[in-house]
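# Observations on the model geometry
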Amino acid sequence: MILKEEMTIVSQREIATDIFEMVLTGQLVEQMSVGQFLHIRVPDISKVLRRPISICQIDKAKREATIVYRVQGLGTEIFSHLGAGDVLDCMGPQGNGFPIDFLDAGQTALLVGGGIGVPPLLELAKQLYAKGVSVTAVIGFASKDVVILEQELAQFADVIVTTDDGSYGTKGYVSTVIDTFKNESDAVYACGAPGMLNYVDQKFEKHPHAYLSMESRMACGMGACYACVVHVKDADESKSLRVCEDGPVFATGTVLQEMRKG
Ligand SMILES: Cc1cc2nc3c(=O)[nH]c(=O)nc-3n(C[C@H](O)[C@H](O)[C@H](O)COP(=O)(O)OP(=O)(O)OC[C@H]3O[C@@H](n4cnc5c(N)ncnc54)[C@H](O)[C@@H]3O)c2cc1C
Ligand code: FES
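All values derive from a computational prediction rather than experimental measurement. (Residues numbered from 1 in each chain as written. Chains lettered and ligands numbered in written order. Predicted model: local features only at pLDDT ≥ 70, side-chain atom pairs only at ≥ 80, totals over all residues.)

## Structural notes on the overall build of the protein chain
Condition: Put simply, DSSP marks the helices as runs of H or I at least four residues long and the strands as runs of E at least two long, and each gets a number from the N terminus on. Atoms counted for the radius of gyration: C-alpha only. Globule rule: 2.2 Å times residue count to the power 0.38. Each residue is classified by how many other C-beta atoms fall within 10 Å of its C-beta atom, where C-beta atoms are placed from the backbone; a count of 20 or more means buried, 12 or fewer means exposed, and values in between mean partly exposed. In this description, any two residues whose backbone-derived C-beta atoms lie within 7 Å of each other are considered to be in contact.
For the protein chain, the count of helices and strands is five helices and 16 strands. Taken against the 2.2 N^0.38 rule, which gives 18 Å for 262 residues, the C-alpha radius of gyration of the protein chain at 18 Å falls within 12% of a compact globule. On the principal axes, the C-alpha backbone points of the protein chain span a range of 50 × 45 × 35 Å. Across the 262 residues that make up the protein chain, the buried fraction comes to 43%. In the protein chain, the share of contacts with a sequence separation of at least 24, taken over all contacts with a separation of at least 6, comes to 62%.

Pasting the structure below:
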């Protein structure tokens, strides 16, 4: 069920260059599932469209949710100037989220994150760890100054960091590390840039439980306008899926590569 609420900002801080962590409180938190997102109105009269931001952490007991976002354009820049006590008009929680019910204690999961795609993997790691699943997270960044959530993930997972320029962790893309793994995990989850998702999609195309969390430009964010469609693999052109409503999480091998948008 999609709800709308003026959520109150509990805190906000810059955790890396131009990347902010914001804690929000409100009743919407009670409805949230791992891998969903909030559709947030920019508190500026000239900004009509809401901005979709993934839910990074959920604390139902405290009724708090954390989001982590990078300042991309004017909307996210306005978010970055807000502080404790300010309110944000939020719709959600939206999207299908990551499926985790099929995993049992003792099984293994591989989490693959790239840049600002890492935040939704933190709550995922937390919930998998709580189920007794053994979690490995391979997270890739452009360089050391934009590495985020490594310590937080390390509470629940074995974490391997890669940077494109080698300024921290293993030099190269996440594929540099994943291609060396001998055993296949029982589940694979990925969120990040289109190039990284394409890699995971191809590598784990036939895996029974491999999932990609995708991005797409959104308007309504609730399934009505079809602004966010992606096309389905092995289907005629008329067959499409809405990232906001049918996704943002899709099984590998589901969505056509060339239709993906960043
Ligand atoms: C399901 C989903 C989850 C996301 N989660 C996160 C997150 O956790 N952290 C984070 O930093 N970013 C996330 N994004 C990307 C984020 O929505 C955009 O960076 C943000 O909307 C940019 O807004 P802006 O006004 O700052 O930039 P502008 O460039 O001014 O945005 C202009 C318009 O384009 C849209 N837009 C721009 N970039 C994107 C994009 N990559 N995806 C979708 N719409 C975009 C905006 O919503 C807006 O309507 C997510 C996107 C989606 C679809
Ligand atoms: S944004 Fe309107 S249908 Fe997805």
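## Description of the sheet that holds strand S2 (residues 19–25)
Inclusion rule: When DSSP locates at least two bridges between a pair of strands, those strands are taken to pair. In this description, a line fitted to the C-alpha atoms serves as the axis of each element, helices being fitted only across the stretch in contact, and the angle between N-to-C directions of two axes falls anywhere from 0 to 180 degrees.
Sheet architecture is open: seven strands sit in the order S4-S3-S7-S1-S2-S6-S5, paired in antiparallel fashion. In the strand order of this sheet, the two ends are held by strand S4 (51–54) and strand S5 (57–59), each with one partner. Within this sheet the neighbouring strands show an average axis-to-axis angle of 35 degrees, counted without direction. Bridge count between strand S3 (residues 37–40) and S4: four bridges; the pairing is antiparallel. The residue of S4 that forms the bridge with His39 is Pro52. Its contacts with the sheet put helix H2 (residues 119–130) on S4, S5 and strand S6 (64–70), and the angle it makes with S5 is roughly 50 degrees.

## Details of the domain arrangement of the protein chain
As a reminder of what qualifies: An automatic or database domain assignment supplies the start and end points of every domain. In this count, Pro and Cys sit with the nonpolar residues alongside Ala, Val, Leu, Ile, Met, Phe, Trp and Tyr, while Asp, Glu, Lys and Arg are called charged and the others, Gly among them, polar.
The assigned domain composition of the protein chain is domain 1 (3–94) and domain 2 (108–259). Just the C-alpha atoms count here: the centres of domain 1 and domain 2 sit 21 Å apart. Every contact between the two is made by 20 residues of domain 1 and, on the other side, 19 residues of domain 2. Of all the secondary-structure elements, those providing two or more residues to the side of domain 1 that touches domain 2 are strand S1 (3–16), S3, S4, S5, S6 and strand S7 (87–94). In the side of domain 1 that touches domain 2, the residues fall into twelve nonpolar, six polar and two charged.

## A closer look at the site of ligand 1
Just so we agree on the cut-off: The criterion for a residue being near a molecule or strand is simple: its C-beta atom, placed using the backbone, must lie within 6 Å of it.
For ligand 1, the set of nearby residues contains 22 residues, the closest of which are Ser54, Tyr69, Gly73, Gly75 and Thr76. Mapped onto the shell around ligand 1, the elements with two or more residues apiece are S4, S6 and helix H1 (74–80). Broken down by class, the residue content of the shell around ligand 1 amounts to eleven nonpolar, seven polar and four charged.

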